[in-house]
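Structural overview
This is what each chain is made of:
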Amino acid sequence: MINLAVFASGTGTNFDAIVKAIDDGKLDAKVVLMVCDKSNAKVIDKALKANIDTYVFDPKAFSSKMEYDNCIKLECQKRNVDLICLAGYMRIVSNVLLDAYPNRIINIHPSLLPAFKGKDAIKQAYMYGVKVMGVSIHYVNEDLDGGSIIAQKAFELNDMSFEQAESRIHEIEHELYPNTIKKIIEEDF
């Protein structure tokens, strides 16, 4: 069994999907740490309810990204984290974490990368008028949403409203992320 750290900044729906896959026996892993950069994020309560250790920090309390990433690295190392899963974590990780966990940090992104990188990707794609939308999971490197793609799943928009498209993206995320983590575990660990 491998140890996962899940990094999140918001409601934690992808966190929920990972924990559920573990609880349902579909994923041979354990979430040993949830890292969050927002003290009021809903994901914190979800982690505490699931008896998962949390590390919540205020980036403004640190002099640099390197300083808080070093603290995160130490928290991960204390718990023998094998794989870091970014799940709505709205910060770019520094070389402190990238060097400590080479090819062991993955991210889920709500677009078909390399298109629509960064924040508000669903809205960017929808407003652009794409005919196909989807989700990407990729290894994290120093470039924003630029690491090697591990998995993607697409769907045709047809006449979907923005809300319907956003809902479909989330459905795909909640299935694709645990399945991709499972594949990484089976192939790389």
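Above this text you will find the structure in question.
Below you will find a few notes about this structure. None of these values were measured; they are calculated from a predicted model.

On to the sheet that holds strand β3 (residues 54-56), then. In space, the seven strands of this open sheet follow the order β3-β2-β1-β4-β5-β6-β7, with mixed pairing throughout. On the outer flanks of this sheet lie β3 and β7 (149-156), each paired with one strand and no other. Averaged over all pairs of adjacent strands, the angle between strand axes in this sheet comes to 20°, irrespective of strand direction. Looking at chain direction, strand β4 (residues 83-86) and strand β5 (residues 105-109) are connected through three bridges and run parallel.

Of all the residues in helix α5 (residues 121-128), the buried ones are A121, I122 and A125. Down the axis of α5, the buried set is contained in an arc of 100°. They therefore lie on one face. Away from its buried face by more than 90 degrees, α5 exposes K123 and M127. Buried residues in α5 make contact with β5, β6 (132-139) and α6 (162-188). One or two residues past the end of α5 sits G129, with phi positive at roughly 90°.

Across soluble globular proteins, you tend to see nonpolar side chains buried next to one another. Judged by nonpolar contacts, the single largest core of 44 residues is most densely connected at L4, I18 and I181. Beyond its immediate stretch of four places on either side in the chain, L4 contacts I18, I22, A29, K30, V31, V32, L33, V81, L83, C85 and I181. In this structure, A5, F7, L33 and V35 belong to the second largest nonpolar core, which totals 21 residues.

Bringing the pattern of salt bridges into the picture now. Where side chains of opposite charge bring their charged atoms close, a pairing between them can arise. Counted according to the given criterion, the structure contains 10 salt bridges. One network of salt bridges, with partners in common, ties together D53, E75, K78 and R79.

Let us now look at the environment of A8. Inspection of the secondary structure puts A8 in strand β1 (residues 2-8). For A8, a relative accessible area of 1% puts it in the buried group. Leave out the neighbours within four places in its chain, and A8 touches V35, C36, D37, V43, A87, G88 and Y89.

For strand β2 (residues 29-36), the buried fraction is high: seven of the eight residues fall into the buried class. Relative to β2, β1 runs parallel, the two sharing seven bridges. The partner of A8 across the bridge, within β2, is C36. Two strands pair when backbone bridges link them, and β2 and β3 are joined in this way by three bridges, in the parallel orientation.

We now examine the side chain of S9. Note that S9 resides in the loop between β1 and α1 (13-23). Under the relative-accessibility criterion, S9 is labelled buried at 7%. Setting aside anything within four residues of it in sequence, one finds S9 in contact with C36, D37, K38, A41, G88, Y89 and M90.

To continue, consider the pairing of β4. Neither face of β4 is open: one carries L83 and C85, the other I84 and L86, and all of them are buried. Summarising the sheet, β1 and β4 pair through four bridges and their orientation is parallel. By the bridge assignment, V6 is partnered in β4 with C85. For the segment spanning β4, helix α4 (residues 95-100) and β5, crossover handedness is right-handed.

What counts, and at which threshold
Residues numbered from 1 in each chain as written. Predicted model: local features only at pLDDT ≥ 70, side-chain atom pairs only at ≥ 80, totals over all residues. Heavy atoms only, no water. Pairing = 2+ DSSP bridges. Helix = DSSP H or I, 4+ residues; strand = E, 2+ residues; numbered from the N terminus. Axes fitted to C-alpha atoms, helices over the stretch in contact; angles between N-to-C directions. Buried < 20%, exposed > 50% of the residue type's maximum accessible area, 1.4 Å probe, protein only. Arc of directions from axis to C-beta. Contact = heavy atoms within 4.5 Å. Core = buried A, V, L, I, M, F, W, Y, C linked by side-chain atoms within 4.5 Å. Salt bridge = Lys/Arg side-chain N within 4 Å of Asp/Glu carboxyl O. Right-handed = clockwise from strand over helix to strand, strands pointing away.

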